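Letter by letter, the chains look like this.
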Amino acid sequence: MCGIIGYIGKSQAKDLLIDGLRRLEYRGYDSSGIAVRDNGELCVLKAKGKLDNLIGKLEERSFSGTCGIGHTRWATHGAPDELNAHPHLSRSGKFAIVHNGIIENYKELCDMLISQGYSLRSETDSEVIAHLIELGYDGDALKAIQKTVKLLKGSFALGILCADENALFAVKKDSPLVIGSGEDGIYIASDMQALLSKTHEFLLLESGEMAKITDKAEIFDFDLRPVKRQVYVAENDKSDADKHGYAHFMLKEIYEQPEAIERTLLSQGELSFLDGIGSIHLIGCGSAYHAALMGKYIIESLTGIRVHADIASEFRYRNPIIKPDDLLIAISQSGETADTIGAMNIAAGKCKTACIVNVPLSSLTHVAEPMYTYAGPEIAVATTKGFTTQLVNLYLIAAKLLSNKGDSRVNELMTELSSLPLLVENVLKTVSPVKLAFLLAQNDYAFFIGRGADYAAAKESALKLKEISYIHADCYPAGELKHGTISLIQKGSPVIAIATDKQLLSKTVSNIAEVKSRGAFVIAVSPFDIDACDALIKIPYAKYVAPLLASVATQLLSYHTALVRHCEIDKPRNLAKSVTVE
Ligand code: BG6
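It should be emphasised that the depicted structure is a prediction, and the values quoted were computed from it without experimental measurement.

Chemist: Help me out: how do you make sense of the overall build of the protein in this one?
Modeler: From N to C terminus, the protein includes 17 helices and 25 strands. Relative to the globule expectation of 25 Å for 582 residues, the C-alpha radius of gyration of the protein, 25 Å, shows essentially globular dimensions. Reported as C-alpha extents along the three principal axes, the dimensions of the protein are approximately 75 × 50 × 45 Å. Here the protein holds 582 residues, and the buried ones make up 61% of them. Counting contacts in the protein only where the partners sit at least 6 residues apart, residues at least 24 apart contribute 70% of the total. Carbon and sulfur atoms provide 50% of the accessible area of the protein, an area that totals close to 22,000 Å². Of note, the protein has its 61 positive side-chain charges centred 3 Å away from the centre of its 70 negative side-chain charges.

Chemist: Can you walk me through the packing of helix 4 (residues 127-135) against helix 5 (residues 141-151) in this structure?
Modeler: Two numbers describe how helix 4 lies on helix 5: the axes approach to 8 Å, and their chain directions differ by 130°. Taken together, the axes of helix 4 and helix 5 are oblique relative to one another. The element helix 4 and its partner helix 5 pack so that their crossing is right-handed. Along its contact with helix 4, which presents Ile129, Leu132 and Ile133, the element helix 5 presents Ala144, Ile145, Thr148 and Leu151. In the contact of helix 4 with helix 5, the residues fall into six nonpolar, one polar and no charged.

Chemist: Any chance you could explain the nonpolar core here in plain terms?
Modeler: Soluble globular proteins: nonpolar side chains tend toward being buried together. In this structure, Ile329, Leu548 and Leu549 are the most contacted members of the largest nonpolar core, which totals 92 residues. No other element matches the 11 residues that helix 11 (residues 385-404) contributes to this core. In this structure, this core is formed jointly by two domains, domain 2 (242-418) and domain 3 (425-569), each of which donates at least three residues. Setting aside residues up to four positions removed in sequence, Leu548 forms contacts with Ile261, Thr388, Leu391, Val392, Tyr395, Leu420 and Val424. In this structure, Ile103, Val128, Tyr137 and Ile160 belong to the second largest nonpolar core, which totals 30 residues.

Chemist: Can you help me understand the layout of surface pockets in this one?
Modeler: Taking a probe equal in size to a water molecule and rolling it over the atoms shows the remaining empty space. Its boundaries defined by the atoms lining it, the largest pocket holds a volume of some 790 Å³. In this structure, the largest pocket is lined by 43 residues; those nearest its centre are Met192, Asn358, Val359, Pro360 and Pro377. Its residues assigned to classes, the lining of the largest pocket comprises 19 nonpolar, 12 polar and 12 charged. When we break the lining of the largest pocket down by domain, the ones giving at least three residues each are domain 1 (3-238) and domain 2 (242-418).

Chemist: Teacher, can you tell me more about the domain arrangement of the protein here?
Modeler: Interfaces are often sized by the accessible area lost when the parts come together. When cut into domains, the protein gives domain 1 (3-238), domain 2 (242-418) and domain 3 (425-569). The centre of domain 1, based on its C-alpha atoms, is set 32 Å off from the matching centre of domain 2. Each partner contributes to the interface: domain 1 provides 12 residues, whereas domain 2 provides 10 residues. For the pairing of domain 1 and domain 2, the buried interface totals around 900 Å² over both sides, and the portion due to carbon and sulfur atoms is 61%. Between domain 1 and domain 2 we count zero salt bridges in total. Between the two partners, domain 1 and domain 2, sit two residue pairs in polar contact (both at pLDDT 80 or more). Among the residues forming the side of domain 1 that touches domain 2, the class breakdown is six nonpolar, one polar and five charged.

Chemist: What is the right way to look at the site of the ligand in this model?
Modeler: As a matter of local geometry, the ligand sits amid 14 residues, with Ser332, Gln333, Ser334, Thr337 and Ala576 nearest to it. Ser332 places a polar side-chain atom, nitrogen or oxygen, 2.6 Å from an oxygen atom of the ligand. Here an oxygen atom of the ligand and a side-chain polar atom of Thr337 are 2.5 Å apart. Protein coverage of the free-state accessible area of the ligand, which is 390 Å², stands at 92%. Per-element accounting of the shell around the ligand gives the leading share, three residues, to helix 8 (residues 286-303). Here the residues of the shell around the ligand sort into five nonpolar, seven polar and two charged.

Chemist: Looking at this structure, how should I read empty space enclosed by the protein?
Modeler: Applying the stated criterion across every chain, the model contains three cavities of 30 Å³ or more. In terms of lining residues, the largest cavity is bounded by 13 residues, among which Arg73, Thr76, His86, Asp125 and Ser126 are the most central. Per-element accounting of the lining of the largest cavity gives the leading share, three residues, to strand 6 (residues 95-103). Tallied by class, residues from the lining of the largest cavity come to three nonpolar, eight polar and two charged.

Chemist: Would you explain the packing of aromatic side chains in this entry?
Modeler: How two aromatic rings sit relative to each other is set out by the distance from centre to centre and by the angle between their planes. Counted under the stated rule, the structure contains eight aromatic pairs. With centroids separated by 6.5 Å and ring planes inclined at 40°, the aromatic side chains of Phe447 and Tyr476 adopt a geometry described as tilted. Of the two residues, Phe447 sits in strand 21 (residues 445-450) while Tyr476 sits in strand 22 (residues 472-477), which places them 29 residues apart along the sequence. Each member of the pair Phe447 and Tyr476 is classed as buried.

Chemist: Sorry if this is basic, but what is going on with the pattern of salt bridges here?
Modeler: Should their charged atoms come close, side chains of opposite charge can pair. Taken as a whole and judged by the stated rule, the model has 26 salt bridges. Of the charged contacts in the structure, one is a salt bridge between Lys543 and Glu412, with a shortest N-O distance of 3.2 Å. Placement of the pair is Lys543 in the loop between strand 25 (535-538) and helix 17 (546-564) and Glu412 in helix 12 (residues 409-418), with a sequence separation of 131 residues. Between Lys516 and Asp534 there is a salt bridge whose closest N-O contact spans 2.9 Å. Linking Lys516 in helix 16 (residues 505-516) with Asp534 in the loop between strand 24 (521-526) and strand 25, this pair joins segments that are 18 residues apart in sequence. On the basis of relative accessibility, which here comes to 36%, the residue Asp534 falls in the partly exposed class. Put simply, Arg22, Glu25, Asp52 and Lys571 are held in one network by salt bridges that share partners.

Chemist: Whenever I open this one, the sheet that holds strand 4 (residues 67-73) confuses me. Can you help?
Modeler: Neighbouring strands of a sheet are bound in pairs by backbone hydrogen bonds; such pairs are parallel or else antiparallel. With antiparallel pairing, the eight strands of this open sheet are ordered in space as 3-2-4-1-10-9-11-15. Because the sheet does not close on itself, it has two edges, and the strands there are strand 3 (41-48) and strand 15 (232-233). Inspection of the sheet shows strand 9 (residues 178-182) paired to strand 11 (residues 201-204) by three bridges, in the antiparallel sense. Paired with Gly180 across the bridge in strand 11 is Phe202.

Chemist: Which parts of the structure should I look at to understand helix 15 (residues 453-469)?
Modeler: Two residues of an α-helix separated by three or four positions point the same way, owing to the 3.6 residues in each turn. Helix length check: helix 15, at 17 residues, gives a terminal C-alpha distance of 24 Å against a target of 24 Å (1.5 Å per residue), a fit within 8%. Residue Tyr470 follows helix 15 closely and has a positive phi angle near 60°.

Chemist: Please explain helix 11 as it appears in this structure.
Modeler: The terminal C-alpha atoms of helix 11, which comprises 20 residues, lie 28 Å apart, in line with the 28 Å expected from a rise of 1.5 Å per residue. Of all 20 residues that make up helix 11, 17 are buried, and the element is covered over most of its length. At the C-terminal side of helix 11, Gly406 shows a positive phi close to 70°.

Thresholds, definitions, all that
Residues numbered from 1 in each chain as written. Predicted model: local features only at pLDDT ≥ 70, side-chain atom pairs only at ≥ 80, totals over all residues. Heavy atoms only, no water. Helix = DSSP H or I, 4+ residues; strand = E, 2+ residues; numbered from the N terminus. Rg over C-alpha atoms; globule rule 2.2 N^0.38 Å. Buried < 20%, exposed > 50% of the residue type's maximum accessible area, 1.4 Å probe, protein only. Contact = heavy atoms within 4.5 Å. Areas by Shrake-Rupley, 256 points an atom, 1.4 Å probe, with all protein chains shown as cover. Lys, Arg positive; Asp, Glu negative; His and termini not counted. Charge placed at Lys NZ, Arg CZ, Asp CG, Glu CD. Axes fitted to C-alpha atoms, helices over the stretch in contact; angles between N-to-C directions. Parallel < 35°, antiparallel > 145°, perpendicular 65-115°, else oblique. Left-handed = near helix turned anticlockwise from the far one by under 90°. Nonpolar A, V, L, I, M, F, W, Y, C, P; charged D, E, K, R; others polar. Core = buried A, V, L, I, M, F, W, Y, C linked by side-chain atoms within 4.5 Å. Domains from an automatic or database assignment. 1 Å grid on protein atoms, 1.4 Å probe; cavity = no way out; pocket = protein on both sides within 12 Å on 5 of 7 lines; lining within 4 Å. Points joined across faces, edges and corners; volume = space filled by probe spheres on them. Buried area = accessible area lost by both parts, 1.4 Å probe. Salt bridge = Lys/Arg side-chain N within 4 Å of Asp/Glu carboxyl O. Polar contact = N/O pair within 3.5 Å; in protein donor to acceptor, adjacent residues only side chain to side chain. Near = heavy atom within 4 Å. Phe/Tyr/Trp six-rings, centres within 6.5 Å; stacked < 30°, edge-to-face > 60°. Pairing = 2+ DSSP bridges. Expected span 1.5 Å × (residues − 1).

Below, the structure is given as structure tokens:
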């Protein structure tokens, strides 16, 4: 996901922009750049690849000025190269822009510009924005920006400089952007995390707003009507932006899970959105979808209420059947994933909506009642504590629904949930999959199997392994492998079987025997002794939360496997922490 940083104040902008980009690296990117206003001229520098490449180029040039913008680009339109990197300049160089989002009508805008004698330098959709602002400019930059945003279709968070004005402009529609006021000036950034070392005071732009920032921030809607906005003071959680001695953020966040789960358990409110509902739609992307899938098994099996789990990008375009007494819950760590917001917008107005999010006041919380997870900022691209705290909220939803029905099993479930931090602590202390990781790391493919909620845990485990070790891991319901995919099993094929459900154990053991008889090397993740497997990752027994415990065990297995394969664990290639474009 692209990252935007901007600054205006008394200090030199260059170093502050680089520091901000450094804090945005976790979002995933493949090129970067900055622009600084230096005595009425916009100076731009860009570089392909990692931020160090840009810093290296900066050493060769003097870059002075106290107002600037910066960008880390996660390519959508156009190759990840210097030409397509942001900032993009308008034809005369009077405007520079950085963009996060997608301009859906950029082809027709390109054609209009070309018909007016413009030529595009890059392959990006973003460049048209810079030219349009210049086209509409008659001396009033804010007005030119307003005219431009009226022409744009799609999602855009923008940082804009004008050579003629010592001002920083910001625009937000759907993609994330915040304004932070520090001691040495005012910043804009794609998320608060990037600015916590500078300030805890934020002005949160709403979608459809823009700002002109000088020594103060003036906010307007897209009709240039002034908007008053309360300052939001973020919690003091700077510590999360530091590895605290761990080799990777991912490992730190794996070990933070007991406290993250405890905070989430203790912080839940009334959950009144659960009163009087028919069926539930759970939607999400990536790991958030796997949480949704596990939520389906958990809530349906406990409460008898129908739960649909959908991948957000599928849900939003399949004309879903939504009844007025349904409840749609969007699950999203960042609260900014475009497909999840898009799916939420389909349901808005048709049924009750809520969201399980980790980032305070993120975009999803503006359109649905939030049920926060309290994992704290999650820096590693591959989610761990974000995922397990989503599961905690889903267990709490099941408990509330049981309580609404007067079902006494709520007491048993809540008792087990109260011991969940200790159970996770136990997994972290007792599971040491280093040897198995070494074996697994020798393979370029792996199979994960499980039944029921263990199937959802197996899907998340497979994704974790793929994301950080680049091993092609596939996941199948344990009963499904024999219907085709078992043809791929040969001597030494690694199969990870998650078996935590006592009712289904014998079935899964039969599936283990099936693959074993064809030469597979089977690693079981289970609280039970399973003779049929080659290796057992033992986890504590739990009646309800065992699939969550299995997920923690396979997080460790994936982490150590990626370590053996010398992968870049916190920032895997091609991945973004949350994709704010479709
Ligand atoms: C992907 C991330 O881009 O988005 C996954 O790499 C994540 O880790 C998915 O699960 C959904 O993100 P979010 O923020 O909506 O949970």
